[in-house]
Amino acid sequence: MRKSGIHILVFSILAAFLPPSSHSYANESDQSLQAEINQILEEEPLLKGGLAGISIRSANTGEILYEHNGDIRMRPASNMKLLTSAVALSVLGEEHQFKTEVRIEGKRKGNILKGNLYVKGFGDPTLLREDLNQMAKHIANSGISIIEGDLIGDDSWFDDVRLSPDLIWSDEYAYYGSQISALTVSPNKDFDSGTILVEVSPGLEVGDPAQIQLSHKTNDIHIINQAVTISSDGETELTIDRKHGSNTIIVKGFLPIGAKIEKEWIAVWEPTQFALDLFKQELAKQGIKLLGTAKVGETPKDAYILTSHLSIPLSELLIPFMKLSNNGHAEILVKEMGKIRKGEGSWEKGLAVLNEQLPKLGVNPNALVIRDGSGVSHVNLIPANEISNLLFHVQKEKWFPSFLKSLPVAGNSDRMIGGGLRKRMESLNVKAKTGTLTTVTSLSGYVETKKEETLIFSILLNNLLDEEKGKEIEDKIVEIIANH
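Since the model is a prediction, treat every value here as computed from it, not as a measurement.

Visitor: Which residues make up the overall build of the protein chain, and what values go with them?
Guide: The number of helices and strands found in the protein chain is twelve helices and 23 strands. Dimensions of the protein chain, computed from C-alpha atoms along their principal axes, come out at roughly 95 × 60 × 40 Å. Taking all 484 residues of the protein chain together, 54% fall into the buried category. Here the contacts in the protein chain between residues at least 6 apart in sequence split such that 70% fall between residues at least 24 apart. Accessible surface, the protein chain as shown: approximately 21400 Å² in total, 50% of it carbon and sulfur. For the protein chain, the separation between the mean place of its 51 positive charges and that of its 63 negative charges on side chains is 6 Å.

See the structure below:
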């Protein structure tokens, strides 16, 4: 009994020198690192009432050099994409491409197709209007100029559940909350699939309605313009929203004369129908007359391929996905993994694949709660130690160069290199994934120290009153690590 009491006393004395749930790995070279980070955790006012999960490892050995709440499950925000991208590379491969097919059914008589034309999507998030144009040209070059049947859009490669389980209603209109369909179009090469770009500029005189331009002219989108031009000394106050359950976009507010163009990417309602409308327009541009209607349906097995389009490979798609933190790409990859491995393009099957593959990449799925591929869910929970362990284990994979290249690079002003870190930590050699949700910020990746040693870190900050200011804390901690 006395012996146990002495052990407890000694432990209590040692514990008094550490913040709650922190662990030191006591060798002399690490003590300064631990002391400086502990000081931030203890003294930073922004962390009062919040939670911090931190894990730092050697990239060479995987040894944990420091942790604070390292095994506590935390909301990862877009650091969830680290898991999604790693598993997608493992399951689908770097060369994986998404296809879009145009098939026909029925007989041809001269320039007339006596049957239906089908456009079948296989989940390509990079499909552009110019790609639809090229496919329409192929149809025209094949000699078809009249379609007596219907134009049918087929999105059956994935299920018909459009939104991930925990996406909140107020995010439905936003580009980061876009609906997931196997047949979808992006407005530009940022590849925000299932969205349309709305540009609002002031009128010529005070009192004029604002001028509104869409990235795609389409009958599928209806604009209600309640935005008014005001004098040049006024301030821009503008909201761009979409009515639930429709493609009615409402623009409200005020825009001063001479003000810069305001841009917003808005998620469309039912992206399959939207893609179909755009394709119908491209057919018309090529002089192809559709006698039937444009509608959603499935392609018969005996319909044969007339033309097709392939996306960029996954290794290239990872650049806009990770640099710009594209939620839609993450969820498409989850559904694609479910379809390829389990024959069902759903969140349920895709996340099952994710959980099955994670142990091969050093992650214990029993320590996690995963609800989506993007991290937009506030229900996702991942410990910092699991993220840092993933980042250690993926280094041995043949696809690791593609994975590493996809991470934002601190201080690089090019959006497709610097991504979410392009205006942060300019003096440091950091490659890391950012993450932001209301009350949550996260940063996990690799940093080179002054001694040219690479360290792995994962910083998860939860329950913050201001998540943007939390990024200043992340940068301070990474600077400490870099100076280690």
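Read on for the rest.
Visitor: Quick one: what's the story with unusual backbone geometry, residue by residue and with numbers?
Guide: A positive phi angle, near 55°, is found at S325, a position not held by glycine. Locating S325 in the fold gives a position in the loop between α6 (314-323) and α7 (327-342). Judged by relative accessible area, S325 falls into the partly exposed class, the value being 21%. Backbone geometry places T439, a non-glycine residue, at a positive phi of 75°. Take T439: it is sitting in the loop between β21 (430-437) and β22 (440-448).

Visitor: Give a detailed account of the sheet that holds strand β13 (residues 222-230), specifying residues and quantitative values.
Guide: Strand order in the open sheet made by the three strands is β13-β15-β14, with mixed pairing throughout. Where the open sheet ends on each side, the last strands, each with one partner, are β13 and β14 (237-242). Going from strand to strand, the sheet's axes swing by 5° on average, the running direction of each strand aside. Relative to strand β15 (residues 248-256), β14 runs antiparallel, the two being bridged by six bridges. In the strand pairing of β15, D241 is matched with I250.

Visitor: Account for the sheet that holds strand β17 (residues 289-290), with residues named and values stated.
Guide: Across the sheet, which stays open at both edges, the four strands sit in the order β6-β7-β9-β17 with mixed pairing between neighbours. In this open sheet, the two edge strands, each paired with only one partner strand, are β6 (107-109) and β17. The pairing of strand β9 (residues 146-147) with β17 spans two bridges and is parallel. When the sheet's bridge partners are listed, I147 is paired in β17 with L290.

Visitor: Residue-level account of the pattern of salt bridges, with values.
Guide: Side-chain pairs of opposite charge can arise where the charged atoms are in close proximity. Taken as a whole, this structure holds 18 salt bridges when the rule is applied. Note that R129 is salt-bridged to E282, the shortest N-O span being 2.7 Å. On the criterion of sequence distance, the pair formed by R129 in helix α4 (residues 129-141) and E282 in helix α5 (residues 271-285) is long-range, its members being 153 residues apart. Measuring nitrogen to oxygen at the nearest pair gives 3.7 Å for the salt bridge that ties E199 to K263. Linking E199 in strand β11 (residues 195-201) with K263 in strand β16 (residues 262-267), this pair joins segments that are 64 residues apart in sequence. Here K263 falls in the partly exposed class, since its relative accessible area comes to 47%. Where salt bridges share partners, they join K99, E101 and R103 into one cluster.

Visitor: Would you mind going over α6 in detail, with residue names and values included?
Guide: The element α6 is largely enclosed, with a buried count of nine among its ten residues. Looking at α6, one finds that the buried residues are L314, S315, L317, L318, I319, P320, F321, M322 and K323. Those residues of α6 that are buried are in contact with α3 (80-91), α7, α10 (400-406), α11 (415-418) and β21.

Visitor: Describe empty space enclosed by the protein, with residues and values.
Guide: For the coordinates displayed, the defined rule picks out one cavity of 30 Å³ or more. Put simply, the largest cavity is a space of about 80 Å³. Sorting elements by how many residues they give to the lining of the largest cavity places α7 first, with three residues. Split into classes, the residues belonging to the lining of the largest cavity amount to six nonpolar, six polar and two charged.

Visitor: Tell me about helix α8 (residues 347-357), and please be specific about residues and values.
Guide: Residues of α8 that are buried: W347, G350, L351, V353, L354 and Q357. Buried residues along α8 cover an arc of 150° about the axis, so they all sit on one side. Tucked into the core, α8 has its buried residues touching α3 and α7.

Visitor: Outline the packing of α6 against α7, supporting the account with residue identities and numerical values.
Guide: Orientation of α6 relative to α7, taken along the N-to-C sense of each, is 145°, at an axis distance of 9 Å. In terms of crossing hand, the pair formed by α6 and α7 is left-handed. Every residue of α7 that contacts α6 at L314, L317, P320 and F321 is listed here: H329, A330 and L333. Of the residues that constitute the contact of α6 with α7, the class distribution is six nonpolar, one polar and no charged.

Visitor: Now, about the nonpolar core: what can you tell me, with residues and values included?
Guide: Of all hydrophobic cores here, the largest spans 48 residues; its most connected members are L82, L83, V394 and F403. Looking at this core, the element that brings in the most residues is α3, giving eight residues. What F403 contacts, discounting residues up to four positions off in sequence, is L82, S85, A86, L89, L391, V394 and Y446.

Visitor: Talk me through the packing of α3 against helix α9 (residues 384-393); I want residue IDs and the actual numbers.
Guide: With their axes 10 Å apart at the nearest point, α3 and α9 run at an angle of 35° to one another. The two elements α3 and α9 meet at a crossing, and its hand is left-handed. On α9, the residues that touch L82, L83 and A86 of α3 are I387, L390 and L391. Broken down by class, the residue content of the contact of α3 with α9 amounts to six nonpolar, no polar and no charged.

Visitor: Provide a residue-level description of the layout of surface pockets, including the pertinent values.
Guide: Here the largest pocket is characterised by a volume of approximately 1100 Å³. Along its surface, the largest pocket is lined by 40 residues, and Y175, Y176, L324, S325 and T436 are the ones closest to its centre. For the lining of the largest pocket, the elements supplying multiple residues, two or more each, are β16, α7, β21 and α12 (467-482). In terms of residue count, β21 provides more of the lining of the largest pocket than any other element does, five residues in total. Looking at the lining of the largest pocket residue by residue, the classes come out as nine nonpolar, 16 polar and 15 charged.

About the criteria used
Residues numbered from 1 in each chain as written. Predicted model: local features only at pLDDT ≥ 70, side-chain atom pairs only at ≥ 80, totals over all residues. Heavy atoms only, no water. Helix = DSSP H or I, 4+ residues; strand = E, 2+ residues; numbered from the N terminus. Buried < 20%, exposed > 50% of the residue type's maximum accessible area, 1.4 Å probe, protein only. Contact = heavy atoms within 4.5 Å. Areas by Shrake-Rupley, 256 points an atom, 1.4 Å probe, with all protein chains shown as cover. Lys, Arg positive; Asp, Glu negative; His and termini not counted. Charge placed at Lys NZ, Arg CZ, Asp CG, Glu CD. Pairing = 2+ DSSP bridges. Axes fitted to C-alpha atoms, helices over the stretch in contact; angles between N-to-C directions. Salt bridge = Lys/Arg side-chain N within 4 Å of Asp/Glu carboxyl O. 1 Å grid on protein atoms, 1.4 Å probe; cavity = no way out; pocket = protein on both sides within 12 Å on 5 of 7 lines; lining within 4 Å. Points joined across faces, edges and corners; volume = space filled by probe spheres on them. Nonpolar A, V, L, I, M, F, W, Y, C, P; charged D, E, K, R; others polar. Arc of directions from axis to C-beta. Left-handed = near helix turned anticlockwise from the far one by under 90°. Core = buried A, V, L, I, M, F, W, Y, C linked by side-chain atoms within 4.5 Å.

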